[in-house]
Amino acid sequence: MSAKSPVSAIPAAPSAAALAHFEAGFSYETDCWDVHDALAGGKPDFVLLDVRGTEKYAAGHVPGALDLAQRKIIGSRIAAFPDDTLFVVYCAGPHCNGAARAAVRLAQLGRPVKLMAGGITGWLDEGFALAPAPADEPHQD
């Protein structure tokens with residue numbers, strides 16, 4: 001009998017458990033394509049936050065995103081948005097936990113939040129363009 005590979009050494013979860021796990025993931029994350037399609041429709045039903053910081057935002061960001069560094073997410077900064085506003089957060093990419101930190105802050109404030117999987121790295125990998133910050137755009141950082 002051959003040895004099991006590292007992949008099969010731990011058995012896969014039962015199908016019902018896998019289904020529940022992967023379906024639940026959509027409550028916490030969205031992807032770059034879905035964000036892109038919603039923004040292209042002209043009336044997104046969420047607020048997209050670039051949580052990397054103003055310098056990185058100015059160098060290039062997802063078109064339509066607001067600049068609000070994760071460490072600056074506090075109640076007074078988001079008070080202008082209705083309580084049921086869905087926030088979608090992103091950072092540099094899968095190697096960065098800034099979006100997760102931002103999601104924690106928003107959830108602690110009682111706000112609905114999803115993380116855009118892949119961040120800027122994922123956005124660029126999909127072939128989508130970044131927008132530079134206009135010189136007269138106000139920054140939140």
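Residues numbered from 1 in each chain as written. Predicted model: local features only at pLDDT ≥ 70, side-chain atom pairs only at ≥ 80, totals over all residues. Heavy atoms only, no water.

A. Region of the structure containing the side chain of H61. Its place among the elements puts H61 in the loop between α3 (54-59) and β3 (66-67). A polar atom in the side chain of H61 sits 3.0 Å from the backbone oxygen of Y57. Among all residues touching H61, those that are not within four sequence positions of it are D50, R52, Y90, I120, L130, A131, P132 and A133. (Helix = DSSP H or I, 4+ residues; strand = E, 2+ residues; numbered from the N terminus. Polar contact = N/O pair within 3.5 Å; in protein donor to acceptor, adjacent residues only side chain to side chain. Contact = heavy atoms within 4.5 Å.)

B. Representation of the nonpolar core within the structure. Judged by nonpolar contacts, the single largest core of 15 residues is most densely connected at L49, V51, I73, F87, V89, L106 and V113. For this core, the secondary structure elements donating two or more residues are β2 (47-50), β4 (87-90), α5 (98-108) and β5 (113-116). With four residues, the top contributor of residues to this core is α5. Apart from the residues within four sequence positions on either side, L106 is in contact with L49, I73, I78, F87, V89, R111 and V113. By size, the runner-up hydrophobic cluster in this structure holds 14 residues, among which are F46, V88, Y90 and M116. (Core = buried A, V, L, I, M, F, W, Y, C linked by side-chain atoms within 4.5 Å. Buried < 20%, exposed > 50% of the residue type's maximum accessible area, 1.4 Å probe, protein only.)

C. Region of interest: the packing of aromatic side chains. Throughout the structure, instances matching the rule amount to three aromatic pairs. For the pair W33 and F128, a centre-to-centre distance of 4.9 Å together with 75° between the ring planes defines the contact as edge-to-face. Separated by 95 residues along the polypeptide, W33 in helix α2 (residues 32-40) and F128 in the segment after α6 (119-125) bring together distant segments of the chain. By relative accessible area, which is 41% here, W33 ends up partly exposed. Judged by its relative accessible area of 8%, F128 is buried. Taken together, a centroid distance of 5.3 Å and an interplanar angle of 85° make the contact between F81 and F87 edge-to-face. Looking at F81, the relative accessible area reads 24%, which means it is partly exposed. Judged by its relative accessible area of 0%, F87 is buried. (Phe/Tyr/Trp six-rings, centres within 6.5 Å; stacked < 30°, edge-to-face > 60°.)

D. Spotlight on the pairing of β5. Bridge analysis of strand β1 (residues 29-30) against β5 gives two bridges, and the strand direction is parallel. By the bridge assignment for β5, T30 is matched with M116. Strand direction decides the pairing type here: β4 and β5, joined by three bridges, are parallel. When the bridges of β5 are listed, F87 appears paired with V113. A crossover links β4 with its parallel partner β5, the connecting element being α5, and its sense is right-handed. (Pairing = 2+ DSSP bridges. Right-handed = clockwise from strand over helix to strand, strands pointing away.)

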